[in-house]
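Here's the letter readout for the chains.
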Amino acid sequence: MFSKLALRNVRRSFRDYGVYLLTLTFGVCLFYTFNSIDGQGAMVYLAQNQNPMVEPILMLIDIFSVFVAVVLACLILYANRFLLRRRKRELGTYLLLGLSQGQVSRLLFLETGVVGLLSLAAGLGLGVAASYGMSALTLSMFEMDVSDLLAITFSPGAAVKTVLYFGLIFLLVMLFSGVQVSRAKLIDLMQGERKNEVLKPRPLGVAVFQFLLGVVFLAAAYAILLTFGMAIAVAVLPICVPMLTLGTLGTLLIFRSLSGFVLKFVQGRPRLYYKNLNLFTLRQWISKVHSTYLAQTVVCILLLLAIGITASSVGLNSTIESMTGYQSPFDITVQNRNADALGPMDFDALLEEHGVNSSALSWQQDTIFYYNDASVTGIEEASAAVRLSDYNALLARQGKPGYSGPLPHLQEGSDVTLTTGNLGLSYLIIPDEMASELKIRRQVWSADYAGNPEETEAEVMAALRQFQEENWYLSINSRLIIYQEAMGNKILALFLGLYLGFTFLLAAAAVLALQQLSQGADNTGRYAILRRLGAEERLVARSATQQVALAFLLPLGLALIHSAVGMRAANELISTAGKVDSAASSAVTALVLLAVYGGYFLATALACRRMARQA
């Protein structure tokens, strides 16, 4: 009997369970997608090439998954609390009909199990599709053709992990529901939806003082962040704790002051206050003042984390990509660090000896770096020197103009790189004839491949590695090696950034949606009274939408201000390693924000309008 009743309740209350089920499904999908990355194309490619970043990525995803599971558990428990509040009258009716509190708890236990199974099935199915999309996204970042690695896959390990984590969460929800019902009084269940928080009017001066104090606290937090920078402000506890405390208190005070501040402000403008249903809309918005300002503070902080982490991860990816191009102007560079003792090597002969024909290379050049002798060059600041002809030849291969100024010239603070990999020398550009007066320090051989880069590199590397085993002084760097290392860093930044960003954004949107749906359901009786009093249908629907808009837009507005300051500090930190693509990071973040937060806002507004019309 209880099983049939539970299934019937889930079907009948699907609209009540809709956002709850949607949030659970998205949570399962998110959890599965990021825990199945070991089978996605980008990670398969990195594993095949023995990239050292594979293990750290998987380890960090496992660690962050525990944190995400805790956040989702808190979110689901919060959502369940609002659902129970929405169904208080229904649960009280069961008690009036003779069911015991234990039987009602059992019924809720079965309903939660049904909803959990539905969300797990839907979430895993959606997660497989999202995993494919994530694989396509990461593979699109590769400059080579890796389309053969793109395929729809199912990860049993990720599925088992997802079922285990969410099974524990649903068990907590069931226990929580049972405790709530067992402690509830019948009169509270039957009349709970009629109760409002007591609205205690406060003097305008108090509200203004709280608002100004909140602004001062936020300004102080911003000043600490911008003065010390992101790295120090986050890493040093004596700086981090005051900054976070001031930021949180400032946000809390601003939302706390809005109820009295806005009410007094609008009441002082009768034309605005009494226009249409503004009086009703404003009163309903502040009727839940105590829960509203706390929830909006939490949501604002969650949105700050979501926007900041997502934008920073995308901006960091652009920086890593620009650094990769700068560090690898040639397909391969070999540095002979023992050239001062043994003299330059014949790399053509070495490759021919190991079966690599010179036709495999489209271009190559030997460059000799000399010890800097200040008595010859007249400059002491550099440790090495390079001939002007060699320097210009290397730049010409990169499509850059050569140097034509006075010589000798100390090369510093330039975006010019002469090797793939780190040269590790400060150098002078000298006239060619001056080189005969200096001692050889290092031989640097660079080349570009003629055929398929991966196949040619495999042959060249095999020859060089065999020689390197007996001659330690060779240092080998290639564009593919640097590229694969950079791809590991890019994927790590992207995965962790999107993982946490989506989690916090989902939590923020779901909290607001559930809160507004619960309040919308409580307001149905009031909407009915408005209709009897002659209020137009469109004004009633507009009032419902305006209440949802206030709840969604106020924390978003303050979160955007927080994010603008935070991203400025983050960009200063990231830009020390390379150029930040602010336009790309802002565009991606706006798209994610619009898709998730905007989608929840639209769904919540439509649901509340429907409740108002059906009241």
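Just above sits the structure.
Now for a description of the structure that goes with this document. (Residues numbered from 1 in each chain as written. Predicted model: local features only at pLDDT ≥ 70, side-chain atom pairs only at ≥ 80, totals over all residues. Heavy atoms only, no water.)

**Describing the overall build of the protein**
Logical step 1: Scanning the protein for helices and strands turns up 22 helices and seven strands.
Logical step 2: Of all 615 residues assigned to the protein, the portion counted as buried reaches 51%.
Logical step 3: Summarising the internal contacts of the protein: among those between residues at least 6 apart in sequence, 84% fall at separations of at least 24.
Logical step 4: Of the roughly 28,600 Å² of accessible surface on the protein, a fraction of 63% belongs to carbon and sulfur atoms. (Helix = DSSP H or I, 4+ residues; strand = E, 2+ residues; numbered from the N terminus. Buried < 20%, exposed > 50% of the residue type's maximum accessible area, 1.4 Å probe, protein only. Contact = heavy atoms within 4.5 Å. Areas by Shrake-Rupley, 256 points an atom, 1.4 Å probe, with all protein chains shown as cover.)

**A closer look at unusual backbone geometry**
Logical step 1: The omega angle of the peptide bond from leucine 407 to proline 408 is -10 degrees, so this bond is cis rather than trans.
Logical step 2: Mapped onto the elements, proline 408 comes out in the loop between α17 (388-397) and β4 (409-411).

**Details of the side chain of histidine 562**
Logical step 1: You can see histidine 562 is positioned in helix α21 (residues 537-574).
Logical step 2: For histidine 562, a relative accessible area of 8% translates into the label buried.
Logical step 3: Setting aside its immediate chain neighbours within four residues, histidine 562 contacts Leu218, Tyr222, Thr251, Cys300 and Leu304.

**Quick notes on the sheet that holds strand β2 (residues 361-371)**
Logical step 1: Across the sheet, which stays open at both edges, the seven strands sit in the order β4-β5-β3-β2-β6-β1-β7 with mixed pairing between neighbours. The sheet is open, and its two edges are formed by β4 and β7 (474-478), each paired on a single side. If you compare each strand with its neighbour and ignore which way they point, the axes differ by 25 degrees on average.
Logical step 2: Most of the contacts of α17 go to β2, to which it runs at about 145 degrees, and overall it touches β2, β3 (384-387), β4, β5 (427-430) and β6 (440-449).
Logical step 3: Most of the contacts of helix α18 (residues 453-468) go to β7, to which it runs at about 170 degrees, and overall it touches β1 (332-336), β6 and β7. (Pairing = 2+ DSSP bridges. Axes fitted to C-alpha atoms, helices over the stretch in contact; angles between N-to-C directions.)

**Description of the pattern of salt bridges**
Logical step 1: A full pass over the atoms with the stated rule returns four salt bridges.
Logical step 2: Its salt-bridge partner being lysine 161, residue aspartate 62 comes within 2.8 Å of it at the nearest N-O pair. Residue aspartate 62 is located in helix α4 (residues 54-86), and its partner lysine 161 is located in helix α7 (residues 156-183); the two are separated by 99 residues in the primary sequence.
Logical step 3: Judged by relative accessible area, which is 40%, aspartate 62 ranks as partly exposed. (Salt bridge = Lys/Arg side-chain N within 4 Å of Asp/Glu carboxyl O.)

**Topic: the pairing of β7**
A regular strand places its side chains on the two faces of the sheet in alternate fashion.
Logical step 1: Most of β7 sits out of view: four of its five residues are buried.
Logical step 2: In this sheet, β7 lies alongside β1 in antiparallel orientation, the contact comprising five bridges. Considered in β7, the bridge of valine 334 is made with isoleucine 476.

**Quick look at the nonpolar core**
Logical step 1: Ile57, Phe166, Leu303, Phe495, Tyr597 and Tyr600 are the most contacted members of the largest nonpolar core, which totals 107 residues.
Logical step 2: Tallying contributions element by element places helix α19 (residues 479-522) first for this core, with 23 residues.
Logical step 3: Those residues in contact with tyrosine 600 that lie beyond four places of it in its chain are Val19, Leu22, Thr23, Phe26, Leu506, Ala509, Ala510, Ala513 and Phe552.
Logical step 4: By size, the runner-up hydrophobic cluster in this structure holds 19 residues, among which are Met345, Phe347, Leu350 and Met461. (Core = buried A, V, L, I, M, F, W, Y, C linked by side-chain atoms within 4.5 Å.)

**Description of the environment of asparagine 471**
Logical step 1: By the element assignment, asparagine 471 lies in the loop between α18 and β7.
Logical step 2: Sequence-wise, asparagine 471 and asparagine 338 are 133 residues apart; in three dimensions their C-alpha atoms are separated by 9.5 Å.

**Examining the side chain of serine 328**
Logical step 1: When you line up the elements, serine 328 lands in the loop between α13 (289-327) and β1.
Logical step 2: For serine 328, a relative accessible area of 6% corresponds to the buried category.
Logical step 3: In this view, serine 328 contacts Thr420, Arg479 and Ile482; residues no more than four positions away in its chain are not counted.

**Description of a nonpolar patch on the surface**
Logical step 1: A cluster of nonpolar side chains, Phe109, Leu164, Leu168, Leu171, Leu172 and Leu175, forms an exposed patch at the surface whose accessible area comes to about 570 Å².
Logical step 2: If you tally residues by element for the nonpolar patch, the top one is α7, at five residues.
Logical step 3: Mapped onto the fold, leucine 171 is located in helix α7. (Patch = residues over 30% accessible without salt bridge, like charges linked within 9 Å, V, L, I, M, F, W, Y side chains within 5 Å.)

**What about the packing of aromatic side chains?**
Logical step 1: A complete count under the given rule lists 12 aromatic pairs for this structure.
Logical step 2: On the basis of an interplanar angle of 15 degrees and a centroid distance of 5.0 Å, the ring pair of phenylalanine 347 and tryptophan 445 is categorised as stacked. Here phenylalanine 347 is found in helix α15 (residues 347-353), whereas its partner tryptophan 445 is found in strand β6, with 98 residues between them in sequence.
Logical step 3: Their ring planes at 50 degrees and their centres at 6.4 Å tell us that tyrosine 391 and tyrosine 427 sit as a pair that is tilted. With tyrosine 391 in helix α17 and tyrosine 427 in strand β5, this residue pair connects regions lying 36 residues apart in the sequence. Per residue, the accessibility class of tyrosine 391 equals that of tyrosine 427, and both read buried.
Logical step 4: Aromatic ring contacts, followed pair by pair, group Phe31, Tyr165, Phe166 and Phe170 into a single cluster. (Phe/Tyr/Trp six-rings, centres within 6.5 Å; stacked < 30°, edge-to-face > 60°.)

**What to know about α19**
Logical step 1: The end-to-end C-alpha separation of α19 is 63 Å, in line with the 64 Å expected for 44 residues at 1.5 Å each.
Logical step 2: In terms of burial, α19 is a largely internal element, 39 of the 44 residues being buried. (Expected span 1.5 Å × (residues − 1).)

**Some points on a negative patch on the surface**
Logical step 1: Taken together, the side chains of Asp346, Asp348, Glu352 and Asp366 make up a negatively charged region of the molecular surface.
Logical step 2: The residue aspartate 346 is located in the loop between α14 (339-342) and α15 in this model. (Lys, Arg positive; Asp, Glu negative; His and termini not counted. Charge placed at Lys NZ, Arg CZ, Asp CG, Glu CD.)

**Describing the environment of isoleucine 169**
Logical step 1: Among the structural elements, isoleucine 169 can be located in helix α7.
Logical step 2: Residue isoleucine 169 is classed as buried on the basis of its relative accessible area, which comes to 5%.
Logical step 3: With 53 residues separating them along the chain, isoleucine 169 and glycine 116 place their C-alpha atoms 9.5 Å apart.
Logical step 4: Non-local contacts of isoleucine 169, meaning those with residues more than four positions away in its chain, are made with Ala69, Ala73 and Ile76.

**A word on the pairing of β3**
Logical step 1: In terms of strand pairing, β2 meets β3 through three bridges, oriented antiparallel. Paired with phenylalanine 369 across the bridge in β3 is valine 386.
Logical step 2: Examined bridge by bridge, β3 and β5 share four bridges and lie parallel to one another. The residue bridging alanine 385 from the neighbouring strand is leucine 428, located in β5.

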